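Given next are the chains, with one letter for each unit.
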Amino acid sequence: MANNHYDAIVVGSGISGGWAAKELAEKGLKVLMLERGRNIEHIKDYVNAGKEAWDYPYRNVPTQAMKQAHPVLRRDYPLSESTDGMWADETECPYVETKRFDWFRGYHVGGRSLMWGRQSYRFSQLDFEANAREGIAVDWPIRYEDLAPWYDHVETFAGIAGTVEGLDVLPDGKFLPPVPLNVVEKDVAARIRKAFGGSRHMIHSRTANITEPRPEQGRANCQYRNKCILGCPYGAYFSTQSATLPAAMQTGNLTLRPFSIVKEVLYDKDRKRARGVEIIDAETGQTYQYTASVIFLNASAFNSTWVLMNSATDVWEGGLGSSSGELGHNVMDHHFEVGAQGIVDGYEDRYYSGRRPCGFYIPRFRNVGDDRRGYLRGFGYQGGADRQGWSRAVAELGIGAGLKDALATPGEWTIGMTAFGEILPYHDNTIRLDRGTQDKWGLPVLAMDVSIRDNERAMRKDMAADAAEMLEAAGVRDVRTYDGNPVPGRAIHEMGTARMGRDPKTSVLNGHNQVWDAPNVYVTDGACMTSASCVNPSLTYMALTARAADHAVRELKAGNL
Amino acid sequence: MDRRELLKMIASATGVAMVGMPAFVLAQAPVAQAAAGFTAEEVALLDEIAEAIIPRTDTPGAKDADVGAFMARFVTDCYSPEDRAAFRAGLVDLDQRAGGSFMVLPAADRLQLLTGLDRTAREQARDAWVAADGAGSGVHWFTMIKQLAIFSFFTSKLGATEVLRYDPVPGHYDGDLPYEPGTPAWATR
């Protein structure tokens, strides 16, 4: 068993797992990173990165056969020819929808760090204090200043393009030059600033795409192809493969084992410590055990909780961390697919070149400062302006050369924005183990019981109306709002189920992301979140992971783990 | 704006969500796939219809881009059986309206027939969407053909690179460039 022992085991290789592996390995620990899916090698395995629509048999549209094979992925963009095989197969890895929950997973090395949206914003003090101030759920055990240096740390390494704005609601960070706004966005931003007296801000997206080359990391700057989701052969956006994995490998301290499904954390009830993990080799079905002094669970929010639920069940029926009564509870996501769009006149003689990986961002302004609404928390907007292409409807033109000529030239400028709103942590929004349903490897699956509540529904009225109000104030024509039916999971920002807190009776993790009942087990992915903010969460997972890794190494050296 | 207004807005622009695209089929249950290939004659017919919609001018047209063959493949494998049946019935209807065979009509008569169908299809789309509050598809078969011909052409390599402008690796973003009227749009976003 000698070669099965490591200083640390990291379960999962996505955004947070990659960070855990890098930080622990750089601090000298011998690290084993376990990934349930196949390996995807940087650049070499980005098989579709150079393809265009005409390179696919169906021009990147899923066939009926693909839709039949993927009843979950077909619900949104994950089902396409270009990303076929990049999203977890719901047939091999099913889950139960007690209520509809769209779960889009990345089961391969790099996880969803390869397909993520890259929007990178810091939580603010407002976010960390909200639960305590409003008496919602439990208080975060940390405040902004606890995480600020770690945001600095991860931004500096990952590379976040953005602008310093001086807004309390969206703290500034260590930014590379921004991805530019176009002429329409700049003018609309200026009009919004004027119309709302500086209380609403349309700013550059903060995105994990580098706008300056980083030869020391082997990464070129963004080439403006807007094909990030296929894997970037330039390494221009942050992923495990482009950034954390090579850094971790360079230390000589990291071992990566793909096809390793972690079944459970092995728990030593006498020492009240985890001693390792048991895995199933996904290819052979064989079981193996690996031991370590410290374990990081970074399997994605729900799967980290799944591992806990399957661990130490001889001590706690509900699994490791269930003594709080909170394991599997307080599921969050962001609710979105609501906003507004319209047409912008006066720029018919302006165009652009290049395809950006992002657009603009409007930080939260509701329930900020003196603003008080009939609901709690708030929302931000992501959006962009561009000229319509050939897919637009041309009402006045029938068929023939006139239609062809019109569609071959750019159409009107349109601008649109989609709101992302905070979902409160409701105790009875849950995931649980369904032992009656098994995956391909005979393991029990998760059942989701999550719903959108009145607070979110009330917020959505503002999410639509405020977007329209801003666009109209900026002189945008034919402004139309839209509001899709909110379905949990669709933002692919699942959070909660093993929250951090100050009290082992009401939280699964302490202020350093340690499981109260097993302090050498850290959970630093979306599972740990005590509230959701309205900003995209991945940057916060990175910062929490780096902070926890630093803590773990110090505790290990002090003999406390 | 409520859903009804949004649908009216879409209808008034004559656009309907493209048949076969994911957003359109989101709510449909998966259905069994029936074999439904197109014959060479049918592909030739699709080529001619598509060429009338997107003709060769000083730049390549639908036939140059083999649009008919792609349309046949797309309808066979990406359309639902119901949509595929409606599409096929449309081709039969077209031949009937042409007095037996669309293919034997002179070019001017073809254009006249298709132009009339296009007008009817646009009116029907508008009426059906408003009446059904978007629940019924109300898509005229000619709308299916037209939108698929446009999609097939502008996503083809020829359409994208010789009719539109294509740059595989822009390398930078410039958000404020002068635009000269009539010059091509970018092929990809």
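A brief structural summary.

**Quick word on the overall build of chain A**
Regarding its fold elements, chain A presents ten helices and 21 strands. For chain A, the C-alpha radius of gyration of 23 Å lies close to 24 Å, the compact-globule estimate for 561 residues. By its C-alpha atoms, chain A is 75 × 55 × 50 Å across when sized along the principal axes. Of all 561 residues assigned to chain A, the portion counted as buried reaches 56%. Intrachain contacts of chain A at a sequence separation of at least 6 include 71% that bridge at least 24 residues.

**A look at the pairing of strand β16 (residues 413-422) of chain A**
Residues and elements named next belong to chain A. β16 sits mainly inside the fold: nine of its ten residues count as buried. In terms of strand pairing, strand β11 (residues 334-335) meets β16 through two bridges, oriented antiparallel. Its bridge partner lying in β16, His334 is registered against Glu422. Relative to β16, strand β12 (residues 338-344) runs antiparallel, the two being bridged by six bridges. When the bridges of β16 are listed, Gly339 appears paired with Thr418. Pairing of strand β15 (residues 379-387) with β16, which is carried by nine bridges, proceeds in the antiparallel orientation.

**Focus on helix α7 (residues 141-154) of chain B**
The end-to-end C-alpha distance of α7(B) is 20 Å, a good match for the 20 Å that 14 residues give at a rise of 1.5 Å each. A large share of α7(B) lies buried, amounting to 14 of its 14 residues.

**As for the nonpolar core**
Ranked by internal contacts, the top residues of the largest apolar core, which has 155 residues, are Ala8(A), Ile9(A), Val11(A), Val31(A) and Ile295(A). Broken down by element, the residue count for this core peaks at ten residues, all from helix α10 (residues 538-557) of chain A. Filtering out sequence-adjacent residues up to four positions away, Val31(A) remains in contact with Tyr6(A), Asp7(A), Ala8(A), Val10(A), Ala21(A), Leu24(A), Ala25(A), Asn253(A) and Leu254(A). With 46 residues, the next largest nonpolar core counts Leu407(A), Ile49(B), Ala52(B) and Ala185(B) among its residues.

Cut-off values and rules
Along each chain, the written sequence defines residue order, and numbers are assigned to residues from 1. Here every chain gets a letter starting at A, and every ligand a number starting at 1, in the order they are written. Local features in this predicted model are restricted to residues whose pLDDT is 70 or higher, and side-chain atom pairs enter the listing and the counts only when it is 80 or higher, whereas totals over whole chains, interfaces and linings include all residues. A run of H or I in DSSP becomes a helix once it reaches four residues, and a run of E becomes a strand once it reaches two; helices and strands are each numbered from the N terminus. A radius of gyration in this sense is built from C-alpha atoms; the matching globule rule multiplies 2.2 Å by the number of residues raised to 0.38. Exposure criterion: with C-beta atoms placed from backbone coordinates, a residue whose C-beta has 20 or more other C-beta atoms within 10 Å is buried, one with 12 or fewer is exposed, and one in between is partly exposed. The contact rule is simple: place each C-beta atom from the backbone, and if two of them lie within 7 Å, those residues are in contact. When DSSP finds two or more bridges between two strands, those strands count as paired. What a helix is expected to span follows from its residue count: subtract one and scale by 1.5 Å. As used here, a nonpolar core is made of buried Ala, Val, Leu, Ile, Met, Phe, Trp, Tyr and Cys residues. They are joined through C-beta atoms within 7 Å.

Nothing here speaks to function; it is geometry throughout.
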